[in-house]
Amino acid sequence: MIVITTPTGDIGGQVLHRVLDSGEAVRVIARDASRLPEHVHAQAEVVEGSHADADTIAKALEGADRLFWLVPPARFQDAGPAKSYYLDFTRAAAQEAAGRGVRMVHVTSLGHGYNGEAGLLSAALHMDELIESTGVHYRALALPFFMENVLRQAQQITQQGVFSMANTAGRPLLTVATQDVAAAAAALLLDTTWNGQARVPLVSPDNLTPDAMAEIISETAGRTVRYQQVPLADFQTQMVQHGASPSLAQDMADMVGAQNNGIYDTEPRDPASATATGFRQWCHNVLKPALQP
């Protein structure tokens, strides 16, 4: 039995689709079961509730042997410190999985070994330490910047010919496509031969700066698209103005600051960590359709 969290999310939904196609027994945890497609209700068991809740996770893991774990984003308006959120959300599941002999495949950040404050990324790395401390068998998918973050700016790219972030324009920013994350997660969930504890870095074959990304987006869009670097302090202020809690805005700013300081370069990777999807291919397959009028 494979248990999948965040089944309506971007990554979790793709993992669920791949695992359902395998014919394995599947159980999903959903805060709102009505959001699940009919075919999921037909093919999988559904446990309704939050996967942070100890009773819910215990019910979901009954008779299971594998768990896909992803901490969902905190509430935008009232998010507290990211470290507390990640640890509180994960603690019951990690302990329950360890006690039941359930193997975990979980999503985390690339950057193990970084010494500075990294906001949301530090929170994910502290979560890894918590999971490891329980003794549970796990594979941690260690990820850099999601290509899909650019997708959120499709309207701005189309209307203004600009995409903007607080990341340094001329510093390479490692990326990954969520489809590759889902593929790796599903493969690990369906592989019953591994044991122990290990990290699995997943990085696209590119090494592009945001300025270079803008050039590729320009080719994809058929028009000039430029990158606009937002000062980090302005980025933090804008987040609060758009409704983010001060704590979340600080954690986001610390995350970008760490990206600008090379957090993704601190964790060793081997050629096997390269994923299938490059940024140019992702732009053609995913971004380009979203830019159509």
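Residues numbered from 1 in each chain as written. Predicted model: local features only at pLDDT ≥ 70, side-chain atom pairs only at ≥ 80, totals over all residues. Heavy atoms only, no water.

## Quick word on the overall build of the chain
Okay, so step 1: Secondary structure assignment for the chain yields 12 helices and 11 strands.
Okay, so step 2: Computed over the C-alpha atoms, the radius of gyration of the chain is 19 Å, within 12% of the 19 Å expected from 2.2 N^0.38 for a compact globule of 293 residues.
Okay, so step 3: Projected onto its principal axes, the C-alpha positions of the chain cover 55 × 40 × 35 Å.
Okay, so step 4: By the burial criterion, 53% of the 293 residues in the chain qualify as buried.
Okay, so step 5: Expressed as a percentage of contacts within the chain between residues at least 6 apart in sequence, the contacts between residues at least 24 apart total 77%.
Okay, so step 6: Total accessible area on the chain is roughly 13,100 Å²; 48% of this is exposed by carbon and sulfur atoms.
Okay, so step 7: The positive charge centre, built from 20 side chains, and the negative charge centre, built from 31, are 2 Å apart in the chain. (Helix = DSSP H or I, 4+ residues; strand = E, 2+ residues; numbered from the N terminus. Rg over C-alpha atoms; globule rule 2.2 N^0.38 Å. Buried < 20%, exposed > 50% of the residue type's maximum accessible area, 1.4 Å probe, protein only. Contact = heavy atoms within 4.5 Å. Areas by Shrake-Rupley, 256 points an atom, 1.4 Å probe, with all protein chains shown as cover. Lys, Arg positive; Asp, Glu negative; His and termini not counted. Charge placed at Lys NZ, Arg CZ, Asp CG, Glu CD.)

## Here we look at the sheet that holds strand β10 (residues 197-201)
Okay, so step 1: Taken in spatial order, the 7 strands of this open sheet run β3-β2-β1-β4-β5-β6-β10, and their pairing is parallel. With one partner strand each, in any of the chains shown, β3 (45-48) and β10 form the two edges of the open sheet. Here the strands of the sheet are splayed against their neighbours by 20 degrees on average, with no regard to which way each runs.
Okay, so step 2: Note: strand β1 (residues 2-4) against strand β2 (residues 26-30), 3 bridges, orientation parallel. Looking at the pairing, Ile 4 lines up with Val 28 of β2.
Okay, so step 3: Packing of helix α1 (residues 10-22) onto the sheet brings it into contact with β1, β2 and β4 (66-69), and relative to β1 it is tilted by some 155 degrees.
Okay, so step 4: Where helix α5 (residues 120-133) meets the sheet, its contacts fall on β4, β5 (103-109), β6 (138-143) and β10, and the angle it forms with β5 comes to roughly 160 degrees. (Pairing = 2+ DSSP bridges. Axes fitted to C-alpha atoms, helices over the stretch in contact; angles between N-to-C directions.)

## Here's the deal with the pairing of β3
Okay, so step 1: In this structure, β2 lies alongside β3, joined through 4 bridges in parallel fashion. Residue Arg 27 lies in a different strand from β3, and its bridge partner there is Glu 45.
Okay, so step 2: With respect to chirality, the unit in which β2 leads through helix α2 (residues 38-43) into the neighbouring parallel β3 is right-handed. (Right-handed = clockwise from strand over helix to strand, strands pointing away.)

## Let's talk about empty space enclosed by the protein
Okay, so step 1: One pass over the structure, following the stated rule, counts 2 cavities of 30 Å³ or more.
Okay, so step 2: Within this model, the largest cavity holds a volume of roughly 50 Å³.
Okay, so step 3: As for the largest cavity, its lining consists of Arg 171, Pro 172, Leu 173, Leu 174, Gln 259, Gly 262, Ile 263, Tyr 264 and Asp 265.
Okay, so step 4: Its boundaries defined by the atoms lining it, the second largest cavity holds a volume of some 30 Å³. (1 Å grid on protein atoms, 1.4 Å probe; cavity = no way out; pocket = protein on both sides within 12 Å on 5 of 7 lines; lining within 4 Å. Points joined across faces, edges and corners; volume = space filled by probe spheres on them.)

## Section: the layout of surface pockets
Okay, so step 1: The computed volume of the second largest pocket comes to approximately 250 Å³.
Okay, so step 2: Together, 16 residues line the second largest pocket, and His 112, Gly 113, Leu 125, His 126 and Glu 129 are the ones closest to its centre.
Okay, so step 3: Here the lining of the second largest pocket is built from residues that sort into 5 nonpolar, 7 polar and 4 charged. (Nonpolar A, V, L, I, M, F, W, Y, C, P; charged D, E, K, R; others polar.)

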